[in-house]
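A structural walkthrough
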Amino acid sequence: MRINTRCSVAIHILTLVALNGEEPATSEMMAASVGSHPVVIRQAMSLLKKAGLIETQNGLPGGRLTKPQEEITLYDVYKAVQSPDGNALFDVHKNPNPECPVGRNIAAALNEPIMHAQRAMENALKDYTLKDITAYIIEKYTLQTK
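Residues numbered from 1 in each chain as written. Predicted model: local features only at pLDDT ≥ 70, side-chain atom pairs only at ≥ 80, totals over all residues. Heavy atoms only, no water.

Concerning the overall build of the chain
- Looking only at helices and strands, the chain features six helices and two strands.
- Secondary structure elements of the chain, listed N to C terminal, follow the sequence α-α-α-β-β-α-α-α.
- Its C-alpha radius of gyration of 18 Å places the chain more than 25% over the 15 Å reference for a compact globule of 146 residues.
- For the chain, the spread of C-alpha atoms along the three principal axes comes to 60 × 35 × 25 Å.
- Across the 146 residues of the chain, 29% fall into the buried class.
- Pairs at least 24 residues apart make up 62% of the contacts formed inside the chain by residues separated by at least 6 positions.
- Only carbon and sulfur atoms are counted for the fraction: they give 55% of the accessible area of the chain, which is about 9800 Å².
- Distance between charge centroids for the chain: 3 Å, based on 15 positive and 15 negative side chains. (Helix = DSSP H or I, 4+ residues; strand = E, 2+ residues; numbered from the N terminus. Rg over C-alpha atoms; globule rule 2.2 N^0.38 Å. Buried < 20%, exposed > 50% of the residue type's maximum accessible area, 1.4 Å probe, protein only. Contact = heavy atoms within 4.5 Å. Areas by Shrake-Rupley, 256 points an atom, 1.4 Å probe, with all protein chains shown as cover. Lys, Arg positive; Asp, Glu negative; His and termini not counted. Charge placed at Lys NZ, Arg CZ, Asp CG, Glu CD.)

Some words on the packing of aromatic side chains
- All told, the structure shown has one aromatic pair when counted by the stated rule.
- Note on Tyr 75 and Tyr 78: the rings are 6.4 Å apart at their centroids and 35 degrees apart in plane angle, and the pair reads as tilted. One end of the pair is Tyr 75 and the other is Tyr 78, both in helix H4 (residues 74-80) and three residues apart, which spans about a single turn. Here Tyr 75 matches Tyr 78 in class, with each residue buried.
- Just above the ring of Tyr 75 sits the side chain of Lys 126; from NZ or CZ to the centre is 4.6 Å. (Phe/Tyr/Trp six-rings, centres within 6.5 Å; stacked < 30°, edge-to-face > 60°. Lys NZ or Arg CZ within 6 Å of the ring centre and 35° of its normal.)

Description of the side chain of Ser 27
- Among the structural elements, Ser 27 can be located in helix H2 (residues 27-34).
- At a separation of 3.5 Å, a polar atom in the side chain of Ser 27 contacts the side chain of Glu 28.
- Excluding residues within four positions of it along the chain, Ser 27 makes contact with Pro 38, Ile 41 and Arg 42. (Polar contact = N/O pair within 3.5 Å; in protein donor to acceptor, adjacent residues only side chain to side chain.)

Digging into the side chain of Thr 73
- On the secondary structure map, Thr 73 appears in the loop between strand S2 (64-65) and H4.
- Residues within four places of Thr 73 in sequence aside, it is in contact with Leu 125, Lys 126, Tyr 128 and Thr 129.

Structural notes on the pattern of salt bridges
- A complete count under the given rule lists two salt bridges for this structure.
- With its nearest N and O atoms 3.8 Å apart, the salt bridge here joins Arg 42 to Glu 28. Highlighted residues: Arg 42 in helix H3 (residues 38-50) and Glu 28 in helix H2, separated in sequence by 14 residues.
- Judged by relative accessible area, which is 42%, Arg 42 ranks as partly exposed. (Salt bridge = Lys/Arg side-chain N within 4 Å of Asp/Glu carboxyl O.)

These figures capture arrangement, not role.
This is the structure we're talking about:
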């Protein structure tokens, strides 16, 4: 039971794009940084492009942000890479035993707490921007290279 990592991968990609400036980051370079396959990077970039967070050009590596880092919230990124089937971060396990009083009622009992947790997480993501992430990376890099 792992929470999917699409959002953190997308934030990683946007951070690389932001910090690379005019130097295009290839999907191979991004994949090496993320620890993933270039196809995963290209799929995530496609979702980010569809959401209007990056621009890409056919035949050219990488992409560029469509707006300033401080205007891209982590919630924007989260919504951009949400599962196409609409699954939220939290969900109830499938196929509980309908013959068991707990199994028969667990989904209904968890509905409100799960929706509350989902909203809280989404609201927290609205408080942070890509600029917060890049600033943290720059600060840590600067401290590590001194």
